[in-house]
Amino acid sequence: MTAPLDVLFKPLRIGNVTLKNRLVMAPMTRNRSHLDGVPSALNVLHYQQRASAGLIVTEGVYPSEMGKGYLFSPGLCTDAHAAGWQQVTDAVHDKGGAIFAQIMHVGRLSDPLMLDGAQPVGASAVQPDPTARHYTVTCPRPKRAYPEPRALATAEVYAVIEDYRRSAALAKKAGFDGVEIHAASGYLPMQFLSTNTNLRSDEFGGSVENRARFLLAIVDAIAADQGAAFVAVKLSPGWTFHNVFDDDAVGTYSYVTKELSKRHIAYLQVGNYGMDWDVYATLRPLFDGPFMTVASFTRQSAAEMIAAGGTDLVGFGQAFIANPDLAERFRNGWEINRPDIATYYSQGAEGYTDYPFHGHSTRDDLLPTDAPLVPVSADVTG
């Protein structure tokens, strides 16, 4: 039995805003900003085109220069960055949309060439496996193995927490409706959470309580400054992307989820990226607040999960890349465009702002609305 599709279009209150539907444009690195991290005119148009989503979560923005890992990625640590993002938030709000900034510190997944010669930092001095590059090989970054990072001293950890707080304050200045802390995909908060990348012996290492302290301190710092309703978190429990591993992923993320629930944040985004345990069924009951699921959903499977109470929001990534009007296509049952992987991380309008709205496509390879999304390019080499 199929679920009624109208559940996708019911309003939902998260944080300080009421969303017009349950469809979220998931955060996706696209590398179209200026080299100094200031958003470009292309960024403004890209997000404005997709403002019919219930919520837009931006691509990851670095909260300090040491958090940068890719060329042409945006920042949110200077007044110039905030001014650039103000143009984006104004454009989205003018179209009736809501938008959160995803704050992303890559930690050990950077390179001295990206950091003016500085050594990347991490929870501990654990070098990523040079062969564990996954698809990020196509991102604009030095085409060489990740170097060994420098372990942050305890005082430096607190300084990085302050970087996140300042970045969130700039997000508020720029007109964002909230911020999402990227604690997934092997980036810095996940480097603290994961047992193979956190070998610390201070208050930020060892027990699950200590390994979670960094992430929870970031949330607490932002909540104290902007209110808990202004901050959200993204997790990818147990995912080994970017060479992170956890001896007890269920235990770690159950603890983190329960602690985040106590803080009454705007929402929790959780992705199940091929785990051999039921991530959603395990964690959803532990979080008392808006819950977002993401990864490989179709219109119908999203409606079914919301109708069953398994989630409140569903994030779509590649589908929003190729379909700026995805919400309208889902509402009306219109066919969907296929995204072109080859243009995901290129610079320019192609594959970014030139995907057609419904009724303007000249392609003959459109997919049925409820079909699994199959990109145009099956493989990419870097």
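Values in this document were obtained by computation on a predicted structure and should not be read as measured data.

K.L.:
I'd like to hear about the side chain of Arg50, residue by residue, with values.
P.N.:
Relative to the elements of secondary structure, Arg50 occurs in the loop between α1 (41–49) and β4 (55–61). Despite its burial, Arg50 remains without a salt bridge, the nearest opposite charge being carried by Asp354 at 7.2 Å. Looking at Arg50, its side chain comes within polar contact range of the main-chain oxygen of His46, at 3.0 Å. A polar side-chain atom of Arg50 sits 2.9 Å from the main-chain carbonyl oxygen of Ile321. What Arg50 contacts, discounting residues up to four positions off in sequence, is Met25, Ile56, Phe320, Ile321, Pro324, Tyr352 and Tyr355.

K.L.:
Give me the packing of helix α6 (residues 213–226) against helix α7 (residues 249–262): which residues, what numbers.
P.N.:
Orientation of α6 relative to α7, taken along the N-to-C sense of each, is 15°, at an axis distance of 11 Å. In this view, α6 runs roughly parallel relative to α7, as classed from their interaxial angle. Between α6 and α7 the crossing geometry is right-handed. Only Tyr255, Val256, Glu259 and Leu260 of α7 make contact with α6, whose side of the interface consists of Leu215, Leu216 and Val219.

K.L.:
Describe the pairing of strand β5 (residues 99–103), naming the residues involved and giving the relevant values.
P.N.:
By the criterion of burial, β5 is predominantly enclosed, with five of the five residues buried. Residues Ile99, Ala101 and Ile103 line one face of β5 and the alternating positions Phe100 and Gln102 line the opposite face, and both faces are buried. As paired strands, β4 and β5 are joined by four bridges and run parallel to one another. Of the residues in β5, the one forming a bridge with Gly60 is Gln102. Read as a crossover between parallel neighbours, the route from β4 over helix α2 (residues 79–94) to β5 is right-handed.

K.L.:
Can you explain the packing of aromatic side chains? Please cite residues and give values.
P.N.:
Counted according to the given criterion, the structure contains twelve aromatic pairs. Considering the side-chain rings of Trp85 and Phe176, the 5.4 Å spacing of their centres and the 55° angle between planes classify their relative orientation as tilted. Here the residue Trp85 occupies a position in helix α2, and Phe176 occupies one in the loop between α3 (154–173) and β8 (178–183), the gap between them amounting to 91 residues. Here the aromatic rings of Trp239 and Tyr273 are separated by 4.1 Å at their centres, their planes lie at 15°, and the arrangement is stacked. Residue Trp239 is found in the loop between β9 (231–235) and α7, and its partner Tyr273 is found in the loop between β10 (268–271) and α8 (279–283); the two are separated by 34 residues along the sequence. Given the relative accessible area of 24%, Tyr273 is considered partly exposed. Linked through ring pairs, Tyr158, Tyr164, Phe192, Phe204 and Phe214 together constitute an aromatic cluster. One Lys or Arg, Lys172, reaches over the ring of Phe230 and ends 5.5 Å from the middle of that ring. One residue, Arg331, lies across the ring of Phe9, its end atom 4.1 Å from the ring centre.

K.L.:
How would you explain the sheet that holds β8 if you had to name every residue and give the values?
P.N.:
Read around the closed barrel, the eight strands follow the order β3-β4-β5-β8-β9-β10-β11-β12; overall the barrel is parallel. For this sheet, the mean inter-axis angle between neighbouring strands, taken without regard to orientation, is 25°. Bridge count for β9 against β10 is three bridges, and the pairing is parallel. Within β10, the residue paired with Lys234 across the bridge is Gln269.

K.L.:
Explain the packing of α1 against α2 residue by residue, including any values.
P.N.:
Contact geometry for α1 and α2: axes closest at 8 Å, N-to-C directions at 25°. Judged on the interaxial angle alone, α2 and α1 are roughly parallel. Note on packing geometry: the crossing formed by α1 with α2 is right-handed. Together, Asn43, Val44, Tyr47 and Gln48 of α1 and Trp85, Gln87, Val88, Ala91 and Val92 of α2 make up the contact between the two elements. Broken down by class, the residue content of the contact of α1 with α2 amounts to six nonpolar, three polar and no charged.

Calculation notes
Numbering of residues begins from 1 in every chain and follows the order in which that chain's sequence is written. With the structure being a predicted model, the display of local features is reserved for residues of pLDDT at least 70 and the display and counting of side-chain atom pairs for 80 or more, all residues being used for whole-chain, interface and lining totals. Excluding hydrogens and water, the side-chain values take into account all heavy atoms of the structure. Counting from the N terminus, the helices are the DSSP runs of H or I reaching at least four residues and the strands are the DSSP runs of E reaching at least two. Only protein chains enter the accessibility calculation, which uses a 1.4 Å probe; a residue is then buried when its area is under 20% of its type maximum, exposed when over 50%, and partly exposed in between. Neither His nor the chain termini are counted; the positive set is Lys and Arg, and the negative set is Asp and Glu. Any Lys or Arg side-chain nitrogen found within 4 Å of a carboxyl oxygen on Asp or Glu counts as a salt bridge. We define a polar contact as two N or O atoms separated by no more than 3.5 Å, with the added condition that, inside protein, one atom must be a possible hydrogen donor and the other a possible acceptor, whereas residues neighbouring each other in sequence contribute only through side-chain atom pairs. Note on contacts: a residue pair qualifies if any of its non-hydrogen atoms lie within 4.5 Å across the two residues. Between the N-to-C directions of two axes lies an angle of 0 to 180 degrees, each axis being a line fitted to C-alpha atoms and, for a helix, fitted only over the stretch in contact. Our angle categories are set so that under 35 degrees counts as roughly parallel, over 145 as roughly antiparallel, 65 to 115 as roughly perpendicular, and the remainder as oblique. Take the far helix as the reference: if the near one is turned anticlockwise from it by less than a right angle, the crossing is left-handed, and if turned clockwise, right-handed. At least two bridges found by DSSP between two strands is the condition for calling them paired. By convention a crossover is right-handed if, when the strands point away from the viewer, the path from the first strand over the helix to the second runs clockwise. Within 6.5 Å between ring centres, the rings of Phe, Tyr and Trp (the latter by its six-membered ring) count as paired, and their orientation is classed by plane angle as stacked under 30 degrees, edge-to-face over 60, tilted in between. We count a charge as sitting over a ring when the NZ of a lysine or the CZ of an arginine lies within 6 Å of the ring centre and within 35 degrees of the ring normal. Only Asp, Glu, Lys and Arg are considered charged in this grouping, and only Ala, Val, Leu, Ile, Met, Phe, Trp, Tyr, Cys and Pro are considered nonpolar; every other residue, Gly among them, is considered polar.

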